[in-house]
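Letter by letter, the chains look like this.
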Amino acid sequence: MIEQGFADLLADHLPEAPRPITEQVRLRDAGLDSVHSIDLLLAIEDAYGIEFPAHLLNDETFDTAGSLWAAVDGTVRGAASPAGNGGRYG
Amino acid sequence: MADLLLETARADALWERLAGSGRLRGLYRDGDPAQGLDAAALRALFTELDAEETVGATLGVCVQSTTALPLLAAAARRAGDPAHPLAELVRDALAGRRTIGLAATDVTPGSDLAALTTTVTLAEDRLTVTGRKEWIANAGFASHLLVLARHGRGRGIGDFTWVVVPADAPGVTVEAADTPLFDGSGTGHASFREVTLPPDHLGGAVGRGLIDFSRHIAVERLASAAWGHAMCRRVLRETVAYLRGRGEGPAGLWAREEVRRRVAECLTATAGLGALIDAHADAVTGRHDQLAAALLKASAARTVEQVVAVAAHLQGARAFAAGGLQTLRAQAGLWSVGGGTYEVMLSTIADHTDRLLDAPA
Ligand SMILES: Cc1cc2nc3c(=O)[nH]c(=O)nc-3n(C[C@H](O)[C@H](O)[C@H](O)COP(=O)(O)OP(=O)(O)OC[C@H]3O[C@@H](n4cnc5c(N)ncnc54)[C@H](O)[C@@H]3O)c2cc1C
């Protein structure tokens, strides 16, 4: 399940996306291109206090609302654990 | 371009003054560029620079202090080691001993950065940079160029990485841009022929090049708005003083209603820009708000062009003298091109229509 705050953030950035925003919503169909992805990513990083690791910066992550949420959630959890890679260099 | 040695000496002296007076460190929260900029200090600095320096010199300071240095400092912090070469470079730059160019724009259209063709190949023991960057401020006298390069094949957001290239590394050549307009900026084109560097010359995490660029360029857009605002007010002050002293009577040409109305239009636009900066500066310095930065940049582009054009016109023939407002008018065109074209700003603004109109989602 995607968190409500995350759904609201997506809604803010994807006015054309169907409502409610569910895990299945395909982000590209909802108007997310590469410029929008950067904008959205910066907003997510600021909202969750994270930095996306490089291996998640790919098309799979940005496929659906669910895949993006999984990446965010995983990064938040990873950053909170000592073995996390949130601040890794490279 | 003026003599490069002279330009370099002037740029070095300016950085020394900015560092020595504490104004450079004062620009950053807690004096640390990795913490981001202080909006009030940024406005104060660019007002001073507008009054004291050439457009070219201020451009060089703008790029280095608002984008290159914070980007590098964030990468140095991530590296974690105070002895890391990035940390050393940041310390030297803060002390006014280093000039850094931010080389994002490629031979391909600058408004479509994801199409850039400069590459970096990443091997275990080295980085190799090949390509060319054009119209890069500070390039002529920078000790280092922070180069945005492609390491992946696609146009995806994870395909780009920053590399710190010493300007004297074998394979780097820099030539001055052929323009009479931006003396003091060191603007030039840099070519990289298989420039091989140690792996610690990455300017941030692999794959975060475009993201880090977007984050930090937002602050440069705010700085250009603050600088433009200061410039508009200065130019209008000078123009009104000129009009008051020109012609018959105590108020001279300033007494003419048509003249006063044209100036009033400029005052309205300038006040609007000022209010926009008041409203959005903290969102840009605090959270790199892309919409706020686009609003500021687009508004500054239009306002600077309008105000300088009207002021130049109202100064008549005097504006065509060397260094007069007609030259500034040509320079003012930079506000709608450098650091993101006007059209790109408008696209960002249009993307956020609902947020701006506060429409229910
Ligand atoms: C003095 C100076 C200093 C500079 N310093 C730096 C620097 O330090 N670092 C750096 O990386 N770059 C620098 N630049 C480059 C600057 O960022 C680019 O010029 C800018 O990004 C635009 O790219 P371009 O010139 O390739 O124009 P193009 O991308 O080729 O665009 C040309 C024109 O096409 C139109 N256009 C472009 N995109 C769109 C669109 N999406 N929709 C509609 N119309 C569009 C616009 O009218 C635009 O002006 C500098 C430029 C100058 C002039």
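Computed from a predicted model, the values in this text were never measured in an experiment.

Moving on to the interface of chain A and chain B. Listed by partner, the interface residues are 22 residues for chain A and 25 residues for chain B. Approximately 2,100 Å² of surface area, both sides summed, lies buried where chain A meets chain B, with 58% of it carried by carbon and sulfur atoms. Put simply, chain A and chain B have 5 salt bridges between them. Notably, a salt bridge pairs A:D46 with B:R215, separated by 3.2 Å at the nearest N-O pair. Taken together, chain A and chain B are joined by 7 residue pairs in polar contact (both at pLDDT 80 or more). Listed by contribution, the elements that provide at least two residues to the side of chain A that touches chain B are α1 (4-13) and α2 (34-48) of chain A. If you tally residues by element for the side of chain A that touches chain B, the top one is α2(A), at 9 residues. Looking at the side of chain A that touches chain B, its residues break down into 9 nonpolar, 6 polar and 7 charged.

To continue, consider the domain arrangement of chain B. Residues and elements named next belong to chain B. Examined at the domain level, chain B breaks down into domain 1 (2-207) and domain 2 (211-358). Centre-to-centre, using C-alpha coordinates, domain 1 lies 25 Å away from domain 2. Each side of the interface is counted separately: domain 1 has 29 residues, and domain 2 has 29 residues. Here domain 1 packs against domain 2, burying approximately 2,500 Å² in sum over the two surfaces, 70% of which is carbon and sulfur. It is R43, D50 and V55 in domain 1 that bury the most area against domain 2; as a group they hold 25% of the surface buried on that side. The partner of R43 in a salt bridge is D278, with the nearest N and O atoms 2.6 Å apart. On inspection of domain 1 and its partner domain 2, the count reaches 5 residue pairs in polar contact (both at pLDDT 80 or more). Secondary structure elements with two or more residues in the side of domain 1 that touches domain 2: α2 (39-52) and α3 (55-79). Take the side of domain 1 that touches domain 2: its biggest share by element is 11 residues, from α3. In terms of residue class, the side of domain 1 that touches domain 2 is built from 19 nonpolar, 6 polar and 4 charged.

Looking now at the nonpolar core. Counting residues in hydrophobic clusters, the biggest one holds 125 residues, and the most contacted among them are A:L10, A:I44, A:F52, A:L68, B:L42, B:L146 and B:M231. For this core, the element with the most residues is helix α5 (residues 209-245) of chain B, which contributes 18 residues. When residues of this core are assigned to domains, at least three map to each of domain 1 (2-207) and domain 2 (211-358) of chain B. B:A103, B:L127, B:L145 and B:V172 belong to the second-largest nonpolar core, a separate cluster that totals 20 residues.

About the cut-offs
- Residues numbered from 1 in each chain as written.
- Chains lettered and ligands numbered in written order.
- Predicted model: local features only at pLDDT ≥ 70, side-chain atom pairs only at ≥ 80, totals over all residues.
- Heavy atoms only, no water.
- Contact = heavy atoms within 4.5 Å.
- Buried area = accessible area lost by both parts, 1.4 Å probe.
- Salt bridge = Lys/Arg side-chain N within 4 Å of Asp/Glu carboxyl O.
- Polar contact = N/O pair within 3.5 Å; in protein donor to acceptor, adjacent residues only side chain to side chain.
- Helix = DSSP H or I, 4+ residues; strand = E, 2+ residues; numbered from the N terminus.
- Nonpolar A, V, L, I, M, F, W, Y, C, P; charged D, E, K, R; others polar.
- Domains from an automatic or database assignment.
- Core = buried A, V, L, I, M, F, W, Y, C linked by side-chain atoms within 4.5 Å.
- Buried < 20%, exposed > 50% of the residue type's maximum accessible area, 1.4 Å probe, protein only.

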